[in-house]
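Summary of the model geometry
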Amino acid sequence: MKLGTIGTSWITESFIQAAGLSGKLTLTSVYSRTMEAAREFADKNHAPHAFDSLEEMAGSDEVEVVYIASPNSHHFEHAKIFIEHNKHVICEKPIFSNLKEWEEIYSLAEKHGVFVLEAIRNIHLPNFTILKDQLHRAGEIRSVLFSYLQYSSRYDAFLRGEEPNVFSPAFSGGALTDLGVYPIYAAVGLFGKPDSVFFSPVLLRNGIDGSGTLVLNYGSFVCTILFSKITHSYIPSEIHGEKGSIVLDKVTPIKTIELITHKTGEKETFGVQQKEEDMVYEIENLVKVIETNDQEEYQRLKELSRTVLHITETARKQNSIVFGTEK
Ligand SMILES: NC(=O)c1ccc[n+]([C@@H]2O[C@H](COP(=O)([O-])OP(=O)(O)OC[C@H]3O[C@@H](n4cnc5c(N)ncnc54)[C@H](OP(=O)(O)O)[C@@H]3O)[C@@H](O)[C@H]2O)c1
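Here the structure is a predicted model, which is why all the values come from computation and not from measurement.

Per the counting criterion, the structure on display carries 13 salt bridges. A salt bridge links Arg 306 to Glu 103, with the nearest nitrogen and oxygen atoms 2.5 Å apart. Of this pair, Arg 306 sits in helix α10 (residues 295–318) while Glu 103 sits in helix α5 (residues 99–112), and the two are 203 residues apart along the sequence. Assessed through its relative accessible area of 25%, Arg 306 is described here as partly exposed.

Spelled out as structure tokens, the structure:
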């Protein structure tokens, strides 16, 4: 399928590289806010067409599917333009700022008969599928601890008094929507929708969350999620069952999975060596959904994304974290 891209940062380059490796998408067009930057990015990535108008790129026959990697607050308006031109959308996480946007986009996509898919890499990894298959071996799950604490280089700029997009309420930033979505996706992918959500954030000077603890209550167990963009952690993630504990090196990308059986102390490792360019897996899965018109998988992914957005919106509301587009 013919690919157009929005955004010219490293993540778009990673996607383009993975798209090439997958053999599923051919880059034809890139967009940047200035023609100079668009041309430069097009040349660097061997794209035949450069645009500084979203309308023109959306109207081009050279684009069948668009990959959106603009700041979070722009995902909604960017997706809308392409759907209105009957183009499929692969949109970076967090897909939209809130459920209101989500509902509007999915109803528009249905009207135009196109797919809208969230680019969230961890649930498409082979090791996530292996984890899901082996989960029962831990026995009855009683607690879960997922951690994703990664000091952001952009926090240095924030400390200097600047406001990078990822730390800005105007751009729907914050640790919850930036990093928190990965462990939330993992939890919802493994355990489904929680009964309740409780969020305790660490708020920065502009009211955005720099880190936080999210508690997802599943009735018979609790999943605690720690995430941060202002500190770092070296602890693994764990799933605690009555028979054994599953230890993950990280919640994304999961490279190693170890089951430790309590009574015997026996350790068993699972997991395969995944490709370094792990966006290949999400691209393969998402393009397959579009190409095969796999409505069942589409509904599953849609529901996952809706549930994750419901959790982040609930968590934000509990703490009066309001995005610019919501004011
Ligand atoms: N999947 C992953 O592993 C991963 C990793 C990083 C980021 N992401 C996601 O990718 C998206 C982009 O993240 P990022 O860190 O690359 O964001 P960013 O650097 O703030 O912006 C991305 C692009 O949007 C354009 N842009 C920047 N500021 C803008 C503004 N004020 N108004 C309109 N456009 C603007 C720029 O492109 P032009 O100047 O060319 O127009 C820029 O290259 C986010 O949704 C993020 O969550 C995903």
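Around the ligand sit 22 residues in total, of which Thr 8, Ser 9, Ser 32, Asn 72 and Asn 165 are the nearest. Between Asn 165 and the ligand, the recorded distance is 2.7 Å, taken from a side-chain N or O atom to an oxygen atom. Measuring from an oxygen atom of the ligand, one finds a side-chain N or O atom of Tyr 182 at 3.1 Å. Burial of the ligand by the surrounding chains reaches 82%, relative to a free accessible area of 890 Å². Looking at the shell around the ligand, its residues break down into seven nonpolar, nine polar and six charged. Counting only domains with at least three residues in the shell around the ligand, you end up with domain 1 (2–92) and domain 2 (123–280 + 308–326).

Before going further, it helps to spend a moment on the sheet that holds strand β12 (residues 244–248). Here we have eight strands laid out as an open sheet, ordered β8-β9-β10-β7-β11-β12-β13-β14, and mixed in their pairing. Two strands close off the open sheet at either side, each with one partner strand: β8 (196–203) and β14 (267–270). Taken over all neighbouring pairs, the strand axes of this sheet differ in orientation by 15 degrees on average, direction set aside. Alignment of strand β11 (residues 237–241) against β12, held across four bridges, turns out to be antiparallel. Looking at the pairing, His 240 lines up with Ser 245 of β12. Its contacts with the sheet place helix α8 (residues 175–191) against β7 (141–149), β8, β9 (209–217), β10 (222–228) and β11, and it is angled at close to 155 degrees to β7.

Now for the domain arrangement of the protein chain. Each assigned domain of the protein chain is listed with its residue range as follows: domain 1 (2–92) and domain 2 (123–280 + 308–326). In this structure, domain 1 and domain 2 have C-alpha centres spaced 28 Å apart. Of the residues lining the interface, 14 residues belong to domain 1; the matching set on domain 2 comes to eleven residues. Each partner contributes to the roughly 840 Å² buried at the junction of domain 1 and domain 2, and carbon and sulfur atoms together form 69% of this total. A per-residue breakdown of the area domain 1 buries against domain 2 is headed by Ala 18, Asn 72 and Ser 73, which together make up 45% of the total. Here domain 1 and domain 2 share zero salt bridges between them.

Further remarks concern the packing of helix α6 (residues 126–134) against α8. Relative to each other, α6 and α8 sit at 40 degrees, their axes nearing to 10 Å. One element, α6, and the other, α8, form an angle in the oblique class. Along this stretch, α6 crosses α8, giving a crossing that reads as right-handed. Side by side, α6 and α8 meet where Phe 128, Leu 131 and Lys 132 of the first sit next to Ala 186, Gly 189 and Leu 190 of the second.

Counting 107 residues, the largest nonpolar core has Phe 82, Phe 96, Val 116, Phe 146, Phe 191, Leu 214 and Ile 239 as the members making the most contacts within it. In terms of residues, this core owes the most to one element, α8, which gives twelve residues. The residues that make up this core include at least three from each of domain 1 (2–92) and domain 2 (123–280 + 308–326). For Val 116, the residues in contact, after removing those within four places along its chain, are Ile 83, Val 89, Ile 95, Phe 96, Ile 105, Tyr 106, Ala 109 and Tyr 298.

Here is what the cut-offs are and how they apply
Residues numbered from 1 in each chain as written. Predicted model: local features only at pLDDT ≥ 70, side-chain atom pairs only at ≥ 80, totals over all residues. Heavy atoms only, no water. Salt bridge = Lys/Arg side-chain N within 4 Å of Asp/Glu carboxyl O. Helix = DSSP H or I, 4+ residues; strand = E, 2+ residues; numbered from the N terminus. Buried < 20%, exposed > 50% of the residue type's maximum accessible area, 1.4 Å probe, protein only. Near = heavy atom within 4 Å. Polar contact = N/O pair within 3.5 Å; in protein donor to acceptor, adjacent residues only side chain to side chain. Areas by Shrake-Rupley, 256 points an atom, 1.4 Å probe, with all protein chains shown as cover. Nonpolar A, V, L, I, M, F, W, Y, C, P; charged D, E, K, R; others polar. Domains from an automatic or database assignment. Pairing = 2+ DSSP bridges. Axes fitted to C-alpha atoms, helices over the stretch in contact; angles between N-to-C directions. Contact = heavy atoms within 4.5 Å. Buried area = accessible area lost by both parts, 1.4 Å probe. Parallel < 35°, antiparallel > 145°, perpendicular 65-115°, else oblique. Left-handed = near helix turned anticlockwise from the far one by under 90°. Core = buried A, V, L, I, M, F, W, Y, C linked by side-chain atoms within 4.5 Å.

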